[in-house]
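Take a look at the letters that make up each chain.
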Amino acid sequence: MAKPAAIVGQIILYGAFAAFLGYFATSPTYKQIPDDVALIKLSMSHLGGRECRKRSPEELAKLPPNMRAPLECPRGRSDIKLVLELDGKPMFETVMHPTGLSKDGVSTVYKRFEVKAGTYQLSVKMNDNLINPGFNFVKEAQVTLKPAQVLVVDFNPDKGGLFFQ
Amino acid sequence: MSLHAALRGNAQILLERSENSLDALFGGADNPLRHLGALGLYFLWILVATGLYLYTVLDTSVEGVYTSIGYLSREQWYLGGILRSLHRYASDAFVLVMMLHLAREWAYGRYHGFRLYSWVTGVPLIWLVYISGIGGYWIVWDRLAQFSAIATTELLDWLPFFTEPTARNFLAPDSVNDRLFTVLVFIHIGVPLMLILGLWAHVNRISRVDYLPSRRVMLATLASFLALALIKPALSDAPANLALAPAELRLDWFFLFIHPLTDVTSPAAVWALLFGATILLFALPFLPHLKAQPIAVVDAANCNGCSRCHADCPYEAVTMAVHPGKRGHKIAIVDPDLCAGCGICAGSCPSSTPFRSQEKLVTGIDMPQQPVDVMRRQLETQLARLGTQPSGTTKLVVFGCDKGADVRGLAAADTAAISLLCTGMLPPSFVEYALRGGADGIVVTGCRDGGCDFRLGMQWTQERLAHQREPHLRSLVPQDRLRLVYASRSESRQLAAAIDEFRTQLETQTAISNRPPAYSRRTPHHG
Ligand code: HEM
Ligand code: SF4
Ligand code: SF4
């Protein structure tokens, strides 16, 4: 019924359909980062400290005897300050805020940095209770980053606090 | 004219031209552009069938997913590998036809009024398709999966929904566990189930849904997928390793284009685009449009409950109820929310015959904007006009449709032209009436196969004229005095040429059948 020309035309068009699908199913290829680049991923999820205040003896005296705790701790958690330095130069600095309506949840960060592969002095400092000055967690090390390597900077009290992985 | 209207108009012309030129190769029934929704459903069945097989061999542990899928492509390439490739290419093709289907419905302005429901139920399907498609790529757990998982979670984390960044789930090799893949498979099966449910709703208000494309189209597309499966089988990338950033990736642009797009713009821009486009699509039908067509009206006295209008309505707008006046009979009821105002029901009603003697022709179901009585009066006036032509003139009556090639412009001394809401509105008895009232030939024209604005108008017309569907043309009408011409809106010239050819044929062929016996309705002014 169909003319030969129509059949050839149909075959060409279905071929074009297949070629279109086949091509865009894998091509053009995509490279997210250049060849000589490594990634540093800074990510943590940590509960900040409580900003407790010592009650004065007068305050304590005013409280019923069963509630005379020496410290007054609000429900909210402290912000967390975080500094990342590469070869002594600051690369990233942030203050993470606790989540949750009453600010009693974890503070989180997730950041991805692209750096040229090579050897660096990497340091990360954290203060998880801003009632105190300075940094109560510090981790510093020389790291050698191979191309495409992903170095994770994370925090886990079970792994001794800040760590590189 | 607004920018949107201009864009839409150009898109419509472009699509019409492409469809018409593909008709030349495929014919309407086999023209894929005219059956995009049906192609989508067909691809979905391929996805379900191949997906079931893939599921049975999948090992959902962290190490197992990669090896169990890789096994299919390497050791079992002749079965599992091919099914895997079919699964991949059918999903890419699904995205392609879905987008074309959307573009087509938009270009033809089929998104408001009685189609609002189809349109609005279509939009969320796009999200479901992308969620299951992107998730599907993660299950392979190769470098591409790793890249997509991280890029997607980074994108999600831009939204203020999660207390912990979801990208932390893919931080280091020990972050992923077996449970992840159980969840992924659950999503990858659950979301398509929602999609199927959504599609059921999508076509719920349409009767005689174009559920599957023609056998030829099904075979040809399946053959295309099979050829791809053999020439370019779907393969995994290297296994995922979260300690390494993936190098060059063979990206599936149908689904994963979103990641490069995020990289060159920003998460904020991508979300703005996705939510913006979704809102725009939802809002489109609510923009000001021409007033909706008046809907069909049933006249109880002239409805005998034959159910033909119920059978022919393309939008399931007619239901049958107990007749209030005629015992043991039914009556047609029109649902105003569903009625498209196409008039196809008026063309199907046995009471729509112009041979009835009433001065005012009242039929069972009629269109207020163009009642059959007006059609009859129009035809009678035209026949009277043609009757004043010198004898020997070949007098034609052309019935056409407001949505197809314009027929009004064809009116001439020897040609009467009557344009209907839809050609499907033409009761076949009008053809007989015109021939018996003095016309030498009748042309019935409407949109091409698969192009009818009201989906089924031309199909019913063709079947009625060919004695295959009630109400059919009586057999005393010779088929060689009748010509059915398919012409879309942009094909007025082709239509004129076809009419000229028909006229020449009537004039030159000696073997042409006689006209049926003359008939003239007794009207009061004829005495
Ligand atoms: C997920 C993939 C989709 C599939 C498989 C699909 C399938 C279908 C099918 C089979 C029909 C009936 C066609 C007929 O019988 O004439 C249809 C109609 C329709 N679709 Fe879709 N559809 C999909 C997505 C969409 C989307 C995303 C939109 C737009 C937002 C859309 C808009 C429409 C409209 C407006 C109609 C009504 C056409 C009419 O009344 O003439 N569809 N679809
Ligand atoms: S006008 Fe069209 S949509 Fe409305 S009831 Fe009649 S056939 Fe159905
Ligand atoms: S086609 Fe006419 S007579 Fe038959 S059910 Fe419909 S309105 Fe009534």
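Residues numbered from 1 in each chain as written. Chains lettered and ligands numbered in written order. Predicted model: local features only at pLDDT ≥ 70, side-chain atom pairs only at ≥ 80, totals over all residues. Heavy atoms only, no water.

Caption draft 1: Focus on the side chain of B:Gln76. Residues and elements named next belong to chain B. Take Gln76: it is sitting in the loop between α3 (62-74) and α4 (77-107). Using a relative accessible area of 11% as the deciding quantity, one classes Gln76 as buried. At a separation of 2.8 Å, a polar atom in the side chain of Gln76 contacts the side chain of Tyr53. Here Gly80 takes part through its backbone nitrogen, which lies 2.9 Å from a polar atom of the side chain of Gln76. Sequence-distant contacts of Gln76, defined by excluding residues within four places in its chain, comprise Tyr53, Tyr71 and Gly81. (Helix = DSSP H or I, 4+ residues; strand = E, 2+ residues; numbered from the N terminus. Buried < 20%, exposed > 50% of the residue type's maximum accessible area, 1.4 Å probe, protein only. Polar contact = N/O pair within 3.5 Å; in protein donor to acceptor, adjacent residues only side chain to side chain. Contact = heavy atoms within 4.5 Å.)

Caption draft 2: Up close: the pattern of salt bridges. Residue and element names in this part refer to chain B. Tallied over the entire structure, the rule returns 28 salt bridges over all chains. A salt bridge links Asp312 to Arg464; its shortest N-O distance comes to 2.8 Å. A residue pair is termed long-range when its members are at least 10 positions apart, and Asp312 in helix α12 (residues 308-312) and Arg464 in helix α16 (residues 457-465) qualify at 152 residues. The residues Asp312 and Arg464 share a single accessibility class, namely buried. Measuring nitrogen to oxygen at the nearest pair gives 2.9 Å for the salt bridge that ties Asp373 to Arg377. Of this pair, Asp373 and Arg377 are both found in helix α14 (residues 372-387), four residues apart, which corresponds to roughly one turn of the helix. Exposure remark for Asp373: the relative accessible area of 4% places this residue in the buried category. When salt bridges with common partners are traced through the structure, they connect Glu19, Asp23, Arg34, Arg104, Arg448 and Glu491 into a single cluster. (Salt bridge = Lys/Arg side-chain N within 4 Å of Asp/Glu carboxyl O.)

Caption draft 3: Spatial organisation of the coordination of the iron atom of ligand 1. All names here are of chain B. Distances from the iron atom of ligand 1 to its protein donors, namely His101 (NE2) and His202 (NE2), fall within the range 2.0 Å. Every donor counted, the six donor atoms about the iron atom of ligand 1 form angles of 84 to 180° at the centre, which fits octahedral coordination. Residue His101 is found in helix α4, and its partner His202 is found in helix α7 (residues 178-202); the two are separated by 101 residues along the sequence. Residue classification places His101 among the partly exposed positions, given a relative accessible area of 24%. A relative accessible area of 14% places His202 in the buried class. (Donors = N, O, S within 2.8 Å, 3.2 Å for Na, K, Ca; no water. Tetrahedral: all angles 85-135°; square planar, octahedral: opposite > 155°, others 65-115°.)

Caption draft 4: Spatial organisation of the nonpolar core. Residue and element names in this part refer to chain B. Formed by 92 residues in total, the largest nonpolar core has its most connected members in Phe43, Trp141, Phe170, Phe225 and Phe255. With 13 residues, the top contributor of residues to this core is α4. In this structure Trp141 touches Val62, Val65, Tyr66, Gln146, Ala149, Phe170, Val176, Phe181, Pro239, Ala240 and Leu242, once residues within four positions along its chain are discounted. Counting 55 residues, the second-largest nonpolar core is a separate cluster that includes Leu435, Ile442, Val444 and Leu482. (Core = buried A, V, L, I, M, F, W, Y, C linked by side-chain atoms within 4.5 Å.)

Caption draft 5: Summary view of the sheet that holds strand β4 (residues 80-86) of chain A. Residues and elements named next belong to chain A. What the four strands build is an open sheet, ordered β5-β4-β7-β8; its pairing is antiparallel. Taken across any chain shown, the strands that pair with only one partner, and hence form the sheet edges, are β5 (89-96) and β8 (137-145). Adjacent strand axes in the sheet meet at a mean angle of 15° when their direction is disregarded. In this sheet, strand β7 (residues 118-127) lies alongside β4 in antiparallel orientation, the contact comprising six bridges. Paired with Val83 across the strands is Lys125, a residue of β7. (Pairing = 2+ DSSP bridges. Axes fitted to C-alpha atoms, helices over the stretch in contact; angles between N-to-C directions.)

Caption draft 6: Fine view of the site of ligand 2. Neighbouring ligand 2 are 13 residues, the closest being B:Cys313, B:Cys339, B:Ala340, B:Cys342 and B:Cys345. Broken down by class, the residue content of the shell around ligand 2 amounts to eleven nonpolar, two polar and no charged. (Near = heavy atom within 4 Å. Nonpolar A, V, L, I, M, F, W, Y, C, P; charged D, E, K, R; others polar.)

Caption draft 7: Summary view of the domain arrangement of chain B. Residues and elements named next belong to chain B. Structurally, chain B comprises domain 1 (26-286) and domain 2 (297-513). Its C-alpha centre places domain 1 at a distance of 45 Å from the equivalent point of domain 2. Taken together, the contacts link 14 residues of domain 1 with 20 residues of domain 2. In total, about 1,400 Å² of surface goes out of reach between domain 1 and domain 2, with carbon and sulfur atoms giving 45% of it. Broken down residue by residue, the surface that domain 1 buries against domain 2 is led by Phe114, Arg205 and Arg208, which jointly contribute 42%. Taking the shortest distance from any N to any O, the salt bridge between Asp453 and Arg115 comes out at 4.0 Å. (Domains from an automatic or database assignment. Buried area = accessible area lost by both parts, 1.4 Å probe.)

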